[in-house]
Amino acid sequence: MPKYDAVVIGAGNGGLAAACRLAKAGKKTLLVEQHNLPGGVASSFRRGRFEFETALHELCEFGSAENPGNCRKTVVDEFGLDINWYQVPDNFRVITVASDGKTPIDATLPSGRENFINKMEEYVPGCRESIRKFFDLGAETLEAGNYLTASGGKPDSKVLKEKYPNYLRTAAYPVNKVFKALKMPPLAQDIMNTYWGYLGVDADHLSFVQYVNMVCLYVNFGAWIPEKTSNELTTGLAERFRAMGGTLWLNCRAEEILFDENDRICGVRTSSGVVDTRWVLCNASPTTVYANMIPERLIPERDKKLLPNRPFSARMFVVYMGLNKTAEELGLKDYSYFLPSSADSVKEYKSLQNIETNHFNIALCYNVVNPKASPEGTCIVSLTTTYTADCWSKVDPKDYVRTKEKVASEMIDWFEQKTGIVIRPYIEEIEIATPWTFCHYASVPEGAAYGYELRDWDSMMPRMMMMREEYPIKGLKFVGASSIRGDGFNSAIFSGDTIAKLMLGEMREEGI
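Okay, so let's go over this structure. Only a predicted model underlies this, so the values are computations on that prediction, with no experimental measurement involved.

About the criteria used
Residue positions are given per chain, counted from 1 along the sequence in the order it is written. Local features in this predicted model are restricted to residues of pLDDT 70 or higher, and side-chain atom pairs are both shown and tallied only at a pLDDT of 80 or more, whereas totals for entire chains, interfaces and linings draw on every residue. Heavy atoms throughout the structure, all of them, feed into the side-chain values; hydrogens and water do not. Each helix is a run of DSSP H or I of at least 4 residues and each strand a run of E of at least 2, with the numbering of both proceeding from the N terminus. With C-alpha atoms as the basis for the radius of gyration, the globule rule is written as 2.2 Å multiplied by the number of residues raised to the power 0.38. Partly exposed residues are those whose accessible area sits between 20% and 50% of the maximum for their type, while under 20% is buried and over 50% is exposed, using a 1.4 Å probe and protein chains only. Note that accessible areas follow from Shrake-Rupley with a 1.4 Å probe, and for residues the cover is restricted to the protein chains shown. Positive residues here are Lys and Arg, negative ones are Asp and Glu, while His and the chain termini are left out of the count. Just so you know, the charge point we use is NZ for Lys, CZ for Arg, CG for Asp and CD for Glu. Here a pair means two rings of Phe, Tyr or Trp (six-membered ring of Trp) with centres within 6.5 Å. Their orientation is stacked below 30 degrees between planes, edge-to-face above 60, and tilted elsewhere. For two strands to be treated as a pair, DSSP must find at least two bridges joining them. Between N-to-C directions, angles cover 0 to 180 degrees, with each direction set by a line fitted to C-alpha atoms, over the stretch in contact for helices. We define a nonpolar core as any set of buried Ala, Val, Leu, Ile, Met, Phe, Trp, Tyr and Cys residues linked to one another through side-chain atoms lying within 4.5 Å. Contact between two residues is taken to exist if any of their heavy atoms lie within 4.5 Å; hydrogens are not considered. When a carboxyl oxygen of Asp or Glu lies within 4 Å of a side-chain nitrogen of Lys or Arg, that pair is called a salt bridge. For this classification, under 35 degrees means roughly parallel, over 145 means roughly antiparallel, 65 to 115 means roughly perpendicular, and everything else is oblique. By definition, the arc is the one covered by directions from the helix axis to the C-beta atoms.

## What to know about the overall build of the chain
Part 1: Within the chain, the secondary structure is distributed over 19 helices and 19 strands.
Part 2: Relative to its length of 512 residues, the chain is compact, with a C-alpha radius of gyration of 22 Å against a globular reference of 24 Å.
Part 3: For the chain, the spread of C-alpha atoms along the principal axes amounts to about 65 × 55 × 45 Å.
Part 4: Here the chain holds 512 residues, and the buried ones make up 61% of them.
Part 5: By element, 49% of the accessible surface of the chain is carried by carbon and sulfur atoms, the whole surface being about 20100 Å².
Part 6: Treating the 58 positive side-chain charges of the chain as one cloud and the 65 negative ones as another, the clouds have centres 4 Å apart.

Rendered as structure tokens:
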């Protein structure tokens, strides 16, 4: 029976980062992946002459070599990943109607704090001071987050009170309450709220700390994409893992986590045989792992109560299109378009609970940033929406294809109506992924690749502060979207790296 210091289950972003951290620390590490390629949803696929990015919109914590974010510092500087990257010129363009139901919004916001503030003042005269205060809070939040990470789940309350008082004051409040406290004009609030769709929680329930963290990372470091889709990112990390001495088993499913007579982890049963280990990191949903891979008697009472009260987050629906015209010919000048039916996030969140009422749409044209994204004379456009409830389980299997094609057609109509850009006649290749596609491919419950919702009491800050208590089974921890920081490629990488460091600390305590 092969023996390893640690086994990492699932080669998504979180699992890859965790495996690299363990291997870099000299631990004999096995990474097990059920598919023939690493990455999970961080991958790509081909249709005809097009290669489509499966899920990545952009990384918000990457930055340039001169202004690196924590994600770049980890995967490039520490793990040695060497691939080409493109920076997205603007943060986003949003086209919608304000929360008042009548004021049109068409705003494009740039990277860079001062550029962003100046542009917001141009769109909403008189908002400058409130936006500046927002970014001041964001700077403190980022510093506090770095401190919490470095503390390994053991923050000093005195340090938090003395160095990060505003972080603590805002931590218990949702986005909209803090915006009002900042006296931010309603129209400015509507524009600033644009990114809520990326986090899958409306601004009445989304933690301000979570939101300001995300916006500031985008603005401070810009948005970035790898030249050859996220498949290049994840296969590159897999190769770096191997180069650091790690072992990767592809086409191998982890089937059961094994325990000895003292109820301590003693191995993992896989489709390729049993592996001896006392430490396991899962890049998978705890819901799935507890239901299928661990004896029921060992599931902690805490998790039996907690998990049923953690609703699953956004379930993705994506329309991938290869067009036989260039972006320039079509008039596509922006990389990303946010196209909600209104800027009222509470109203929009509710509308995403049903297939019939969902009109949220995020459009991307990769060629605007990366001219090499598709063959010469073509471009790639993806349209993404999410669902905040398991409404696709109600679709009769006989109506599945018809329903997904209907939704995709409506999304194309919505894009053309909102932007005035016609794309339908130029579709050469099209593929549609529903929540069930993500459920089937990534083995995530209900297709919720985002993990659990980060809302109200269960947001990023309490998860990070309680990261030691978050994993009560000795030797078992979770990384990825269902972990401490929630959804997003950079968040998954962050969680894998952070939790692996936590596990390394526990190994040292046991003299390993």
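## Some words on the packing of aromatic side chains
Part 1: What the rule picks out here adds up to 28 aromatic pairs.
Part 2: Their ring planes at 75° and their centres at 5.0 Å tell us that Phe 92 and Tyr 195 sit as a pair that is edge-to-face. Here Phe 92 is found in strand β6 (residues 90-97), whereas its partner Tyr 195 is found in the loop between α8 (186-192) and α9 (196-199), with 103 residues between them in sequence.
Part 3: According to the relative accessible area criterion, Tyr 195 is buried, its value standing at 2%.
Part 4: Counting every residue linked through ring pairs, the aromatic cluster contains Phe 92, Tyr 195, Tyr 198, Tyr 218 and Phe 338.

## So, the sheet that holds strand β1 (residues 6-9)
Part 1: If you trace the 5 strands from one edge of the open sheet to the other, you get β9-β2-β1-β13-β19, paired in parallel fashion. Of all the strands in the sheet, the pair left with one neighbour each is β9 (247-249) and β19 (476-478). On average, each strand axis in the sheet is inclined to that of its neighbour by 20°, with strand direction left out of account.
Part 2: Pairing of strand β2 (residues 29-32) with β9, which is carried by 3 bridges, proceeds in the parallel orientation.

## Brief notes about the environment of Ala 25
Part 1: Relative to the helices and strands, Ala 25 is located in the loop between α1 (13-24) and β2.
Part 2: For the pair Ala 25 and Ala 500, spaced 475 residues apart in the sequence, the C-alpha separation amounts to 9.9 Å.

## Observations concerning the nonpolar core
Part 1: Ranked by internal contacts, the top residues of the largest apolar core, which has 150 residues, are Phe 134, Ile 257 and Ile 294.
Part 2: If you tally residues by element for this core, the top one is helix α10 (residues 208-221), at 11 residues.
Part 3: Not counting chain neighbours up to four residues away, the residues in contact with Phe 134 comprise Phe 179, Leu 182, Met 184, Met 192, Phe 208, Val 212 and Val 215.
Part 4: Leu 323, Tyr 387, Val 407 and Ile 432 belong to the second largest nonpolar core, which has 29 residues in total.

## Examining the sheet that holds strand β7 (residues 104-110)
Part 1: A sheet is described by the order of its strands in space; here 7 strands give the open sequence β7-β6-β15-β16-β17-β14-β18, paired in mixed fashion. Both outer strands of the open sheet, β7 and β18 (427-433), are each paired with one neighbouring strand and no more. Taking the axes of each pair of neighbouring strands and ignoring which way they run, one obtains an average angle of 15° across the sheet.
Part 2: Inspection of the sheet shows strand β14 (residues 315-323) paired to strand β17 (residues 379-387) by 9 bridges, in the antiparallel sense. Bridge pairing links Leu 323 to Cys 379 in β17.
Part 3: The sheet contacts of helix α16 (residues 400-419) involve β6, β14, β15 (336-338), β16 (362-365), β17 and β18, and relative to β14 the element is tilted by about 70°.

## Some words on the side chain of Glu 232
Part 1: As for its placement among the helices and strands, Glu 232 is situated in helix α11 (residues 229-243).
Part 2: No salt bridge is formed by the buried Glu 232; the nearest opposite charge belongs to Lys 228, separated by 4.9 Å.
Part 3: Look past the residues within four positions of Glu 232 in its chain and what remains in contact with it is Ile 83, Asn 84, Pro 226 and Glu 227.

## Observations concerning the packing of helix α4 (residues 128-151) against α10
Part 1: Their axes nearest at 9 Å, the elements α4 and α10 cross at an angle of 100°. Our classification of the angle between α4 and α10 gives roughly perpendicular. Contacts between α4 and α10 involve Phe 134, Phe 135, Leu 137, Gly 138, Thr 141 and Leu 142 from the first element and Phe 208, Val 209, Val 212, Asn 213, Val 215, Cys 216, Leu 217, Val 219 and Asn 220 from the second.

## Some thoughts on helix α17 (residues 435-442)
Part 1: The set of residues buried in α17 consists of Pro 435, Phe 438 and Cys 439. Looking straight down α17, one finds its buried side chains confined to an arc of 105°; they lie on one side.
Part 2: Against β14, β17 and β18 lie the buried residues of α17.
Part 3: Looking one or two places after α17, you find Ser 443, whose phi comes out positive at around 55°.

## Quick notes on unusual backbone geometry
Part 1: Even without being glycine, Lys 183 reaches a positive phi, approximately 60°.
Part 2: Looking at where Lys 183 falls in the secondary structure, it is placed in the loop between α7 (175-181) and α8.
Part 3: Residue Lys 183 is classed as exposed on the basis of its relative accessible area of 70%.
Part 4: The phi dihedral of Asn 251 is positive, around 55°, even though this residue is not glycine.
Part 5: In this structure, Asn 251 sits in the loop between β9 and β10 (254-259).

## Examining the pairing of strand β4 (residues 50-53)
Part 1: Strand direction decides the pairing type here: strand β3 (residues 44-47) and β4, joined by 4 bridges, are antiparallel. Its bridge partner lying in β4, Phe 45 is registered against Phe 52.

## Some details on the pattern of salt bridges
Part 1: Summed over the entire model, instances satisfying the criterion amount to 31 salt bridges.
Part 2: When the shortest N-O distance is used, the salt bridge between Glu 227 and Lys 372 registers 3.6 Å. Linking Glu 227 in the loop between β8 (223-226) and α11 with Lys 372 in the loop between β16 and β17, this pair joins segments that are 145 residues apart in sequence.
Part 3: When its relative accessible area of 14% is taken as the criterion, Glu 227 is described as buried.
Part 4: Exposure remark for Lys 372: the relative accessible area of 58% places this residue in the exposed category.
Part 5: Between Glu 410 and Lys 406 there is a salt bridge whose closest N-O contact spans 2.7 Å. With a gap of 4 residues between them, Glu 410 and Lys 406 both fall in helix α16, about one helical turn apart.
Part 6: Judged by relative accessible area, which is 37%, Glu 410 ranks as partly exposed.
Part 7: What you see here is one network of salt bridges that share partners, running through Arg 21, Glu 78, Asp 497 and Lys 501.

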